[in-house]
Each structure stands twice: as C-alpha cells, then as structure tokens.
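Results of the structural survey
So the chains spell out like this:
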Amino acid sequence: MSSGGLVAALSGLKSNFIWVGWIGTEIDEEDRPVVKDLLWKNYSCIPVFLEERVANEHYNGFSNGVLWPLFHYLPGDLDYDDQIWNSYVEANEIFSTVVADILKPDDMVWVHDYHMMLFPEILKQKKPEARIGFFLHIPFPSSEIFRVLPCRKEILMGILNCCLIGFHTYDYARHFLKACTRIVGLETAPNGVYFRDRFVQVGVFPVGIDPDKFFESIKTPKVESRIQELKKSFEGSKVLIGIDRLDYIKGIPQKLQAIERLFQKYPEWKGKLVLIQVAVPSRQDVEEYQKLKKEVEELVGRINGLYGSLGYSPIHYLFQSVDSTELTALYNISDAALITSIRDGMNLVAQEYIVCQTDKKGVLILSEFTGAAQSLSGAVMINPWNTEEVADSINNALTMSEEEREEKHQMLLNYVTKHTASHWGLGFVKELYKASHNADKMVSIPKLNIDEVVDIYKNSKRRLLIFAYDGTLIPYTNVPQLSRPSQELLESFDILSNDPKNDLYILSGRDKKTLSEWFNGLHIGLSAEYGCFFKDPDSEEWEQQVPSMDLSWKETIRPLFKYFTLRTPGSFFEEKEMLFTWHYRNADPVFGCIQARELHLHLDNLPLDVIVGDKTLGVRSYNINPTSSMKKVITDSIPKNLDLVLLIGDTHIHPSELPQFEGKIYNISVGKKSNKDSYHLNDPSEVIELVNRLEKISDSVA
Ligand SMILES: O=P(O)(O)OC[C@H]1O[C@H](O[C@H]2O[C@H](CO)[C@@H](O)[C@H](O)[C@H]2O)[C@H](O)[C@@H](O)[C@@H]1O
Ligand SMILES: O=c1ccn([C@@H]2O[C@H](COP(=O)(O)OP(=O)(O)O)[C@@H](O)[C@H]2O)c(=O)[nH]1
C-alpha cells in the first residue's frame, strides 16, 4: 500500500470497486499471471504492467517532475522534455488498454489524479460509450500558472472527455474553468464546460478520511499501551506533531525555521517543547526530493545542535513511514499538529489528527495554502512563509485555554466526522451516474428542422422573434461598419414586424446610433451594447437598462485596450457608451488568441463583466443582464397568448432565465454550437432561409 492521501481516501470507501493500478515495480513476463491472480483474488486489483523506463519517465519524470511542481505553483521547477511526455502518453495508453479489455456496459470509470490526465480521452476513443469521471487530488492552479505548461491544451482536452470532473475546492474548479476558456476558448458555466456537443459537469468534492478506523484503533490495547509509552517518554514537555511525506510542497523547512524562531522569541520553551517530525520517504528518484532531504536534515541538525542539550533534542526527526499504531498514538499524545504546506490539494493528516484528539483536544495549526483550510474553520490558520506568525501561533496554541481548545476541537470534529471518505466517494459516484446519463441526452445539438418551425409558426397565435445580429443575420466581417443589413433583409423584417401576431427584436453588442440608423423606420425592438440599452418597437426613445452607471473604469481600461491594440497588428477596439469591444478577427489567428487570453487575464481581476465573443472581447460594468429586458417583453406577451418564441444566435440570453409560458421556445445556435441551445443552424445563410420562409407566411396572411 502506498502512503498518501489518495490511498487513505480510497481505502475509506465502503463501496466495492476494482482498483486498476501500476504496482510500483517491473514484473517479468513469466511472473505476471501469478501476480494478476494474487492481486485479483486478495485485493480486487488489476495490475498495469509498465516497463521500468516508461514507469520512471511517467511517474518520476513527467507526473512528479513537471505536473506536480506546476500544479503547486512552482513552474520554475519544471523539467519538461518530449521523452518524458511520450512516456506519460504511453503509460496512459497502456492503462486505457487494460481498462478497455475489462469494461462492461454499465461500468463507470473513476480516474484519479494528475498521473492519468490523458486517460479519459484515450479510453473514450476505444470505448465511446464509456462513462468516465475524473478527480484531481491536487490543486488546479490559476490559469496564469497553468498556461506555462507546454502541453496545456492536450492535458485539458485529455480530461474534458469525461462526464464529470471533480476537485477538492471551488478555487480549483474555478481555475480549471478559466483555463478552459482561455486556453481552449471553450464556453463555460459555473458548473461545467460546453465541450464539442456535450456539457462536461464540473463539481467540488472535498475528500475526507475514515474516522471509525481511528476511533477503533485508539481503543485497541496495542495503541493504548503505545500512548502510555509515548506520554512517559515526553513527560514534562509539550509535543508538536508533523506528519508529512518528505515533499517540498509540505513546507518542512518553513516549519523548522518557525521552531527555531520560537526558541529565539520564546526561550522558555527550550527543554519544554519537542517537535516529532515524521518525514515519510517519497519520490526519492526525483532530484528535487533528494535536495529537500539534505536541506531538512541540515536544518534538524543545526536546530538540535543550537537548542538541544544532553538528554534533550527539540526535534525528533524520523525519515521513515510509521505504522497505523504508531501514527494513531503520535496523533493522540500531541498537544498540537503543525501543518505548514506551501500548497496542498487537501491534507488528510489535519483531519486524522482531529479525530485522534480524544483526550487533550490538541490544537490544529494549519497552513492557509491547503485545501483543508477551506473547510476546517476551527484551525489556527497560518501563512507558512511568515516565520514570525507561525512561531507566535505555536506559542498561542500551546498556551490556549482548555475551554477554547474544546470549542475549536468540537467544530473541527463535527466537520471531519460528516465529510468522510465514504461521503466523498459516494457523492462523486452518484454525481457521475447522473452526469453520465445526462451526457447521453446532450450528445448532440440537433439541426433545426425549418419545416417544423414553419408549421408551428403558421398555426401560432402570438410570436416573439429574437435575433442576434453579427454572425446570425449577417456573417462576421473584418470591418464592422460594413455589416449593414441588406435591403432584402430590411424588407423581410418589415413584413414580419407588420404581422400583428409578431413582436420582433434584435439584440446586439452594437451601439444605439448604429442600430437606430440601420433599422430606422422598422417596427422592431432593439437592444444595444449587450443589453445596456433597450428600445421598444413602439417607441423612438432608448431606455438605459441600469440606473446611472459609474463609468470611471473607462479611464483606467482605455490605455489597456490601446496597449493591446498597438501590440496586436490588425486588432482594433470600439468605445461605446457603456462598453469597450476589442476585435482581433483581422489579427494573426494564433497571436490574436494569445493576446486575447492575455487581455482577458488583465480584465478578469477587475470588477467588470467580460464578454467573450467570436474574435471579440467586450467589457462593461457588472449587473447588466440582457435577459432582464427580454424577460419583461415575454411577461408582457404572455397575456396576449404568446405561444412561440424563436431565440436565434448568440443573444447572450440564457433561456433558463426567461419566464415560463404555455408554448414552444426554440433556442438556436448559429455556427458555434452551444449547449444552452437546443438546436443549431450552420450559418447566417440558413437563418435568412428561415426568415424568408416565415416572411412568406406573414406576407400571405397580410
Ligand atoms: O503516490 P505518491 O507519489 O507517493 O504521493 C502520495 C499522494 O500524494 C498526493 O496526495 C494528494 O491527495 C490527497 C488526497 O486527496 C490530498 O489530501 C493531498 O493534499 C494531495 O497531495 C497525490 O495527489 C496522490 O496521488 C498521491 O497518492
Ligand atoms: O508513515 C506514514 C504517515 C502517514 N501516512 C498517511 O499518508 C496520508 C497523507 O495524506 P495527505 O493528504 O495529508 O498528504 P499526501 O501525502 O496525500 O500529499 C495520511 O492518510 C497519513 O495517514 C502514511 O501513509 N504513512
């Protein structure tokens, strides 16, 4: 059994599952049948056999030499080359072959962690019907960090072939969604990604432990007697516990520096405090881990040399793994646990310490850079880089009143005993089951059946026709000013709008002046600047959709847009009353996308709404919602027996936000498919075909 949280979490699942995995060493061909048989019979495991070179380059080289440091915000430690990338691909392919051979129709496949991020796409190619969920046990970094990865797009596409993708925290999920938008240009929603013809669900499932395992262990005679021995060994001293894989993300050097600072600032603890640091051997073939071991052991030696005495060592350092008896007893007798990770997907040691505090109600001192910090609110939070703060926190924890310790411990225990490994596992599998069934429903966005719409139009009593403009009624062009509507289109809209059953609207990012000029004299409603302004068909006046807006942001943003325009040959930007729109259609396709990503990064940190269009990036004040203007139109039309709504193109309206009515609504994507829509048309020419068919009916009635 490997050490680490993934194994601890999965060992805590109560449900049956087949574990497919690499067994950590190369097995000769002739021995493989025996090994397979033994693992299957005794552990319900199926081994994946990898030759030493591939295993080493996949696990040490790429997984732990490239992905691990990058995902923990340490891009400087990347050690990327094609050789280790190819082995990463090869190992994922070998895993997919093993799984494809055993997969049965109703099986679900739960893929774990950064080692397997290409597996879902590869398995999907072999088994298109496979129902796959992916869970990342480590942080997903901000897209500013993630974009450094040379194979960033392949990694994202690798896991987007799932029905469900899970993370420990909302932060990680949000970073992933942003990366999908910026790096692959995908449309996202708070709970998922629109990818090809499907909606890939993204969820948050904080991992937990198996508390009962520890509650039962503490009561065993073996642990009881070990607890007594340890209490005797450290009688008269306060005990701090550190349980970490010897990994640079665990912040062990930072922990040791804080202990040294504690002795300097609070010398009274000398001779009265010990830190028991268990450093579990981990990834010893990776150079960064070898360097870390030397650094830690030097620090331990120095601090013990400075603050120790004959018969007293402030730091008890174990470079080894400990068995569950020793671990449980160590947790139990410790007055505080000190977790100083500089980044950590979750950190289960924190939770294990809490459940083992049956006597002392010891204090959890927890780095804010762990996933656990987002849910263990009863912990004493620290920034491990702030040595002074950590030293003070240790002193405060060890002198904390019993009442406060009891109160904090109860808060923590309530959380940990509810959000267990089993709760985590069942939650994910249930969501995967639902998502995999929903995914079947969303396999494709069917092409609109124009004949069907024409029939319904013919027999309907009240109709609301809502069109986007650019890319819907007229193809995108390199020069926006040239996109004025043709005379034929104006005549069609004149006929449609004069049909007493019809209300006709155009929703656009264009400004008021342009839309008023282009559609002057037509009895149609207009929405300008993505919903900032609205003009009713019966009015000549534009209404501003939000009260007086603070537009001071324009002074700040204008230089940024000018900068990117200068930097990106072929791009230009439009300043409208409430909106800036940056166009990069005429720029180099690759460079333009890179620049758009860069600009998006800058805009994302501002209190503004960023509107991602087709080769455009818009920005406007918050809380302007184009749906609100159309909600009122629909609400007003319902009493007039509204029974048909056509919502055509990228109107930036989410149909789910519109009022319900007795009748049919057609949400129609044009060109780029989007799952918020239920049908698609390929391009504006097909939209015009539909308009002409509807016009003929209205004309014949007129
Ligand atoms: O398998 P190893 O290379 O020996 O590494 C041990 C585990 O380290 C990482 O654990 C992560 O998952 C834990 C459970 O979700 C989480 O609590 C912890 O914060 C993460 O670091 C790695 O992600 C696992 O795959 C390894 O098994
Ligand atoms: O000698 C040891 C000490 C600890 N652990 C376990 O390793 C896991 C560490 O998980 P955590 O999430 O804290 O960190 P990770 O190692 O997964 O990054 C915990 O379940 C510990 O009980 C272990 O397997 N061997």
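Bear in mind that the values here come from a model prediction, so they are computed numbers and not experimental data.

Brief notes about the site of ligand 2
Taken together, 15 residues surround ligand 2, and among them Gly 5, Arg 245, Lys 250, Val 322 and Glu 352 come closest. Take Arg 245: an N or O atom from its side chain is 2.6 Å from an oxygen atom of ligand 2. At a separation of 2.9 Å, an oxygen atom of ligand 2 approaches a polar side-chain atom of Lys 250. Notes on ligand 2: free accessible area 540 Å², of which the protein chains cover 85%.

Some remarks on the site of ligand 1
Every one of the 20 residues lining ligand 1 counts as a neighbour, but Tyr 59, Asp 113, His 137, Arg 283 and Asp 344 are closest to it. Tyr 59 has a polar side-chain atom sitting 2.4 Å from an oxygen atom of ligand 1. For ligand 1, whose free accessible area comes to 550 Å², the fraction covered by protein is 93%. Class assignment for the residues of the shell around ligand 1 results in 8 nonpolar, 8 polar and 4 charged. When we break the shell around ligand 1 down by domain, the ones giving at least three residues each are domain 1 (5-204) and domain 2 (211-419).

Quick look at helix α4 (residues 82-102)
Taking 1.5 Å per residue, 21 residues should reach 30 Å; α4 reaches 31 Å between its end C-alpha atoms and fits that length. Among all positions of α4, only Ile 84, Trp 85, Ser 87, Tyr 88, Val 89, Ala 91, Asn 92, Phe 95, Ser 96, Val 98, Val 99 and Ala 100 are buried. With a side-chain oxygen lying 2.9 Å from the backbone nitrogen of Gln 83, the N-terminal cap of α4 falls on Asp 81.

Examining the sheet that holds strand β5 (residues 164-167)
In space, the 6 strands of this open sheet follow the order β3-β4-β5-β8-β7-β6, with mixed pairing throughout. In this open sheet, the two strands that pair with only one neighbour each are β3 (108-112) and β6 (187-189). With direction set aside, neighbouring strand axes in the sheet form an average angle of 20°. One ladder, built from 3 bridges, connects β6 with strand β7 (residues 192-195); its direction is antiparallel. By the bridge assignment, Thr 188 is partnered in β7 with Val 193.

What to know about a negative patch on the surface
A surface patch of negative charge is lined by Glu 26, Asp 28, Glu 30, Asp 31, Glu 52 and Asp 285. Locating Glu 52 in the fold gives a position in helix α3 (residues 52-71).

Here's the deal with the packing of aromatic side chains
Enumeration over the complete set of coordinates arrives at 35 aromatic pairs. For the ring pair Trp 68 and Tyr 114, a centre distance of 5.4 Å and an interplane angle of 45° mean the geometry is tilted. Here Trp 68, found in helix α3, pairs with Tyr 114, found in the loop between β3 and α5 (119-126); they are 46 residues apart in sequence, far enough to count as distant. Taking relative accessible area as the criterion, Trp 68 reaches 4% and is therefore assigned buried.

Quick word on the sheet that holds strand β21 (residues 579-583)
The antiparallel open sheet is built from 4 strands, whose spatial order is β20-β21-β23-β22. Because the sheet does not close on itself, it has two edges, and the strands there are β20 (572-575) and β22 (608-612). When strand polarity is set aside, the average angle formed by the axes of neighbouring strands in this sheet is 15°. Of the strand pairs in this sheet, β22 and strand β23 (residues 616-621) are connected by 5 bridges, and their pairing is antiparallel. Each residue of the ladder has a partner; that of Leu 608, found in β23, is Ser 621.

Quick word on the nonpolar core
Counting 152 residues, the largest nonpolar core has Phe 176 and Leu 364 as its most contacted members. In terms of residue count, α4 provides more of this core than any other element does, 9 residues in total. Each of two domains, domain 1 (5-204) and domain 2 (211-419), supplies a minimum of three residues to this core. Residues contacting Phe 176, with those up to four places away along its chain left out, are Phe 140, Leu 156, Ile 159, Leu 160, Ile 165, Phe 167, Val 193 and Val 202.

Overview of the pattern of salt bridges
On inspection of all chains with the given rule, the structure shows 38 salt bridges. A salt bridge links Lys 360 to Asp 335; the shortest N-O distance between them is 3.2 Å. Of the two residues, Lys 360 is situated in the loop between α14 (348-355) and β13 (363-367) and Asp 335 in the loop between α13 (324-333) and β12 (336-339); the sequence distance between them amounts to 25 residues. Classification of Lys 360 as partly exposed rests on a relative accessible area of 25%. Under the relative-accessibility criterion, Asp 335 is labelled buried at 12%. Taking the shortest distance from any N to any O, the salt bridge between Asp 609 and Arg 620 comes out at 3.5 Å. A residue pair is termed long-range when its members are at least 10 positions apart, and Asp 609 in strand β22 and Arg 620 in strand β23 qualify at 11 residues.

Rules used in this analysis
Residues numbered from 1 in each chain as written. Chains lettered and ligands numbered in written order. Predicted model: local features only at pLDDT ≥ 70, side-chain atom pairs only at ≥ 80, totals over all residues. Heavy atoms only, no water. Near = heavy atom within 4 Å. Polar contact = N/O pair within 3.5 Å; in protein donor to acceptor, adjacent residues only side chain to side chain. Areas by Shrake-Rupley, 256 points an atom, 1.4 Å probe, with all protein chains shown as cover. Nonpolar A, V, L, I, M, F, W, Y, C, P; charged D, E, K, R; others polar. Domains from an automatic or database assignment. Helix = DSSP H or I, 4+ residues; strand = E, 2+ residues; numbered from the N terminus. Expected span 1.5 Å × (residues − 1). Buried < 20%, exposed > 50% of the residue type's maximum accessible area, 1.4 Å probe, protein only. Pairing = 2+ DSSP bridges. Axes fitted to C-alpha atoms, helices over the stretch in contact; angles between N-to-C directions. Patch = residues over 30% accessible without salt bridge, like charges linked within 9 Å, V, L, I, M, F, W, Y side chains within 5 Å. Salt bridge = Lys/Arg side-chain N within 4 Å of Asp/Glu carboxyl O. Lys, Arg positive; Asp, Glu negative; His and termini not counted. Charge placed at Lys NZ, Arg CZ, Asp CG, Glu CD. Phe/Tyr/Trp six-rings, centres within 6.5 Å; stacked < 30°, edge-to-face > 60°. Core = buried A, V, L, I, M, F, W, Y, C linked by side-chain atoms within 4.5 Å. Contact = heavy atoms within 4.5 Å.

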